[in-house]
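Now for the letters of each chain:
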Amino acid sequence: MLQKLLLFLLILTLSVPVFSQNFNGGILLGANVSQLDGDNYGGYNKIGFQGGAFVSLQVSAHSSFQMEMEYIQKGSKILDTLGNDFLFRFHYLEIPVLYQYLLNKRFSLEVGLAADVLLGSQEEAGGIESPSVVPLRPVTLAGIFGVSGFITNHLKANVRVNYSLLSIRENQPQGYPGSYRHILFETGQYNNVLSLSLFWYFKPVEL
């Protein structure tokens, strides 16, 4: 057992210099528009902010993996036909893990999962705080699909769809509001976000 452990550590030590050449990292900053599916309203009316850091590892000519940690705002802003306004503002620490397929040296597609850890929330009706009777989940899961393109060898633009795979609300054994949707695995409300971000790489990328 000890011999196997020592062999593993030796291989890992010898591999670090090789993989470190393919590691890169940086910071990201962006804006998004969002809506809340399952609230009886539609429209990407709420503007939010996101920012954080990332690290990437290129494993082949056409494949790389990227992990991020960022603050992101999600939610919904509604003005109905009667002039009533509603605001749902959710603050998350989001941790995406992405697979990126490199179409060429400048452009790539990405897909992956993200854990959303709730940092805080604000729900208003008519400008007055009005918390939902159905509490938000402290941790939920989102799916991500995006397209990226390098502007310079340090700067990349990214367009991304970010959609909840699990309801952002706690399960309700006694029943669900009529507006809730059944999507994939369960019934509830789902964050639906479109974002545009800029990624700054610390090390220049070969283009």
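Report follows, based on the coordinates. (Residues numbered from 1 in each chain as written. Predicted model: local features only at pLDDT ≥ 70, side-chain atom pairs only at ≥ 80, totals over all residues. Heavy atoms only, no water.)

**Brief notes about the packing of aromatic side chains**
Here's step 1: A full pass over the atoms with the stated rule returns seven aromatic pairs.
Here's step 2: Aromatic side chains Phe49 and Tyr71 sit 6.2 Å apart centroid to centroid with 40 degrees between the ring planes, which places their arrangement in the tilted category. Of this pair, Phe49 sits in strand E2 (residues 46–58) while Tyr71 sits in strand E3 (residues 63–79), and the two are 22 residues apart along the sequence.
Here's step 3: For Phe49, a relative accessible area of 37% translates into the label partly exposed.
Here's step 4: Taking the centre distance of 5.2 Å and the plane angle of 65 degrees together, the rings of Phe54 and Phe199 count as edge-to-face. With a gap of 145 residues between them, Phe54 in strand E2 and Phe199 in strand E11 (residues 190–201) connect regions that are remote in the sequence.
Here's step 5: Among the residues examined, Phe199 registers a relative accessible area of 1% and is labelled buried.
Here's step 6: Joined through ring pairs, the aromatic side chains of Phe54, Phe150, Phe199 and Tyr201 make up one cluster.
Here's step 7: The ring of Phe199 has Lys156 sitting right over it, with the charged end atom 5.2 Å from the ring centre. (Phe/Tyr/Trp six-rings, centres within 6.5 Å; stacked < 30°, edge-to-face > 60°. Helix = DSSP H or I, 4+ residues; strand = E, 2+ residues; numbered from the N terminus. Buried < 20%, exposed > 50% of the residue type's maximum accessible area, 1.4 Å probe, protein only. Lys NZ or Arg CZ within 6 Å of the ring centre and 35° of its normal.)

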